[in-house]
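What the coordinates show
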Amino acid sequence: MILRALLLLWLAGAALPLRADPFRIATFNTELARAGPGLLLRDILSGRDPQVRAVAGIVGRIAPDILVLQGIDWDLEGRTLSALADAFRAAGAEYPHRFAARPNSGLATGLDLDGDGRPGGPGDAQGYGRFPGQGGMAVLSRWPIVAEESREYTGTLWRDLAGALPPRLGAVPFPSAAAFAVQRLSSVAHWDVAVALPGGPVLHLLTWHASPPVFDGPEDRNGRRNHDEAAFWLRHLDGQGPDPPPEGPLVLIGDANLDTLDGDGRPEALRALLRHARLQDPVPRSEGGAEAAERQGGANAAHRGDPAADTADWDDDAAGPGNLRVDYILPSRDLAVRGAGVFWPPASRADPALFGADGNAASRHRMVWMDLEPLP
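Since this is a predicted model, take the numbers as computed values, not measurements. (Residues numbered from 1 in each chain as written. Predicted model: local features only at pLDDT ≥ 70, side-chain atom pairs only at ≥ 80, totals over all residues. Heavy atoms only, no water.)

1. Regarding the pattern of salt bridges
Two side chains that carry opposite charge are able to pair once their charged atoms sit near each other. The final tally for this structure, using the stated rule, is 16 salt bridges. With a shortest N-O distance of 2.6 Å, Asp371 and Arg24 are connected by a salt bridge. With Asp371 in strand 13 (residues 368–374) and Arg24 in strand 1 (residues 23–29), the pair connects residues that are 347 residues apart, well separated along the chain. In this structure, Asp43 engages Arg42 in a salt bridge whose closest nitrogen and oxygen atoms are separated by 3.0 Å. One salt-bridge network, held together by shared partners, links Arg34, Arg42, Asp43 and Asp49. (Salt bridge = Lys/Arg side-chain N within 4 Å of Asp/Glu carboxyl O. Helix = DSSP H or I, 4+ residues; strand = E, 2+ residues; numbered from the N terminus.)

2. A few points about helix 3 (residues 50–62)
Taking 1.5 Å per residue as the helical rise, helix 3 with its 13 residues ought to reach 18 Å, and the 18 Å between its terminal C-alpha atoms agrees with that figure. Turning to helix 3, its buried residues are Gln51, Val52, Ala54, Val55, Ala56, Ile58, Val59, Gly60 and Ile62. The inward-facing, buried residues of helix 3 contact strand 1, helix 2 (39–46), strand 2 (66–72), helix 4 (79–90), helix 9 (352–355) and strand 13. The opening residue of helix 3 is Asp49, an N-cap whose side-chain oxygen sits 3.1 Å from the backbone nitrogen of Gln51. (Expected span 1.5 Å × (residues − 1). Buried < 20%, exposed > 50% of the residue type's maximum accessible area, 1.4 Å probe, protein only. Contact = heavy atoms within 4.5 Å. Polar contact = N/O pair within 3.5 Å; in protein donor to acceptor, adjacent residues only side chain to side chain.)

3. Focus: unusual backbone geometry
Look at the link from Phe174 to Pro175: it is a cis peptide, with omega at -10 degrees. Inspection of the secondary structure assignment puts Pro175 in the loop between strand 7 (172–173) and helix 5 (177–182). Not every positive phi belongs to a glycine, and Glu31 is a case in point at roughly 55 degrees. As for its placement among the helices and strands, Glu31 is situated in the loop between strand 1 and helix 2.

4. Concerning the nonpolar core
Phe28, Leu67, Leu69, Ile72, Phe88, Leu140 and Met367 are the most contacted members of the largest nonpolar core, which has 32 residues in total. Only strand 1, helix 2, helix 3, strand 2, helix 4, strand 4 (136–141) and helix 9 provide two or more residues apiece to this core. If one sorts the elements of this core by residue count, helix 3 sits on top with seven residues. If near-sequence neighbours (up to four positions away) are discounted, Leu67 is found in contact with Ala26, Phe28, Val59, Phe88, Tyr95, Ala138, Val139, Leu140 and Met367. With 29 residues, the next largest nonpolar core counts Trp191, Val195, Leu203 and Ile253 among its residues. (Core = buried A, V, L, I, M, F, W, Y, C linked by side-chain atoms within 4.5 Å.)

5. Some remarks on the sheet that holds strand 11 (residues 327–331)
Strand order in the open sheet formed by five strands is 5-8-9-10-11, with mixed pairing between adjacent strands. Each edge of the open sheet is held by one strand with a lone partner, namely strand 5 (151–152) and strand 11. Taken together, the six bridges between strand 9 (residues 202–209) and strand 10 (residues 250–255) define a ladder with parallel strand orientation. The residue bridging His204 from the neighbouring strand is Leu250, located in strand 10. Across the sheet, helix 6 (residues 221–237) is in contact with strand 8 (190–196), strand 9 and strand 10; its angle to strand 9 comes to roughly 155 degrees. (Pairing = 2+ DSSP bridges. Axes fitted to C-alpha atoms, helices over the stretch in contact; angles between N-to-C directions.)

6. Topic: the sheet that holds strand 4
Spatially, 3-4-2-1-13-12 is the arrangement adopted by the six strands of the open sheet, whose pairing is mixed. Taken across any chain shown, the strands that pair with only one partner, and hence form the sheet edges, are strand 3 (97–99) and strand 12 (335–342). The average undirected angle you get between the axes of adjacent strands in this sheet is 15 degrees.

7. Considering the side chain of Arg221
Counting through the fold element by element, Arg221 comes out in helix 6. The buried charged residue Arg221 lacks any salt bridge partner; its closest oppositely charged side chain belongs to Asp114, at an N-O distance of 5.8 Å. One polar contact links Arg221 to Gln183, side chain to side chain, over a distance of 2.9 Å. When near neighbours in sequence (up to four residues on either side) are disregarded, Arg221 contacts Leu113, Asp114, Gly123, Trp158, Pro167, Phe174, Gln183 and Asp216. (Lys, Arg positive; Asp, Glu negative; His and termini not counted.)

8. Observations regarding the packing of aromatic side chains
Each aromatic ring pair is characterised by the separation of its centres together with the angle its planes make. All told, the structure shown has eight aromatic pairs when counted by the stated rule. Between the aromatic rings of Phe99 and Trp191, the centroid separation amounts to 4.9 Å while the plane-to-plane angle is 80 degrees, which identifies the pairing as edge-to-face. Of the two residues, Phe99 is situated in strand 3 and Trp191 in strand 8; the sequence distance between them amounts to 92 residues. By relative accessible area, Phe99 is classed as buried at 15%. When the ring of Tyr153 is compared with that of Phe232, the centres are 5.3 Å apart and the planes differ by 50 degrees; the resulting orientation is tilted. Taken together, the positions of Tyr153 in the loop between strand 5 and strand 6 (168–169) and Phe232 in helix 6 put the pair 79 residues apart, joining distant regions of the chain. On the basis of relative accessible area, Phe232 is assigned to the buried category, the value being 4%. (Phe/Tyr/Trp six-rings, centres within 6.5 Å; stacked < 30°, edge-to-face > 60°.)

9. Here we look at the pairing of strand 9
Judged by how many residues are buried, strand 9 sits mostly within the fold: seven of eight residues are covered. Sheet topology note: the strand 8/strand 9 ladder contains seven bridges and is antiparallel. Considered in strand 9, the bridge of Ala196 is made with Val202. At this point the chain moves from strand 9, through helix 6, to the parallel strand 10, and the crossover so formed is right-handed. (Right-handed = clockwise from strand over helix to strand, strands pointing away.)

10. Focus: the packing of helix 2 against helix 4
Direction vectors running N to C along helix 2 and helix 4 enclose 25 degrees, while the axes themselves pass 9 Å from each other. Relative to helix 4, the element helix 2 is oriented roughly parallel. Seen along the crossing, helix 2 lies across helix 4 with a hand that is left-handed. For the pair helix 2 and helix 4, contact is made by Leu40, Leu41, Ile44 and Leu45 and by Arg79, Thr80, Ala83 and Leu84, respectively. Partitioning the contact of helix 2 with helix 4 into residue classes produces six nonpolar, one polar and one charged. (Parallel < 35°, antiparallel > 145°, perpendicular 65-115°, else oblique. Left-handed = near helix turned anticlockwise from the far one by under 90°. Nonpolar A, V, L, I, M, F, W, Y, C, P; charged D, E, K, R; others polar.)

See below:
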């Protein structure tokens, strides 16, 4: 009788659907990009670069299960990402599964895309960059990446986005019709990376790193591009993209380079994403962000947003934007949020090895993390 009861209990449990455990996901613009190809790999392999060590220390401290990175240099053989993953493993965070496709940054076009009259500069690449792959992106995961369910949209032409806001000077396309005809939308990349959660569903990461909405002229090329890079995901979620949107759980995650309340830019598309019916915005916060805004003053004093939600520590003088919320994790509503934060401790508790004297030893950006659990 006891064996029969145990068998019935086992069969009942086997009939239940598998459920994934809570997991931690994070996004981090490391600002590790270097001025020339191979230099970041050199600095990582040296084991002595203070910025690399600070970035690795932060990754080891937060230890996300899935990590989305921006601001790292891409190379064809993946040697730089492999070396960086080794540094993360030495810091206590191991990622055997990685995704890093070629970005638009530094991809030469041979045309004058920025309108300065001189083709061949970093602003004339498909995305700003001095060499192919400068300041690319990567996804690192403890669990397998499902290649057949992952998608790249990095080659999408800007002109093909429904409702795009192309740059113009008067009635003339900027800088020319020929240039805009080949201009890709992504300044770095747009990816849908599928990760197989253990005992659970496939999770889709919709990730991007948008252009700063500044450093241009009256045509507002960068501001319009930044808007449309967010609008791409808006169209995608609404079924107007090149592929149907994922049906299961997803996370919109990355560096939008835009604050919806403060700083420059066109926030309409990002605001629409923050209130999209399929997404939720838990607004991760930190003590250090609020403290820094009060201590630094300057541009921060006029901000309307909650400084505890800031994710980047930028110049606070009259010319600077101050600290802003520009890095986002927006999970779908079929994911329960169990915790969230911005890794920005108050100055009195900040590890000098990770933050340095000015707080920005690793990056001016702070890692944003979230603990999620698929709903049954």
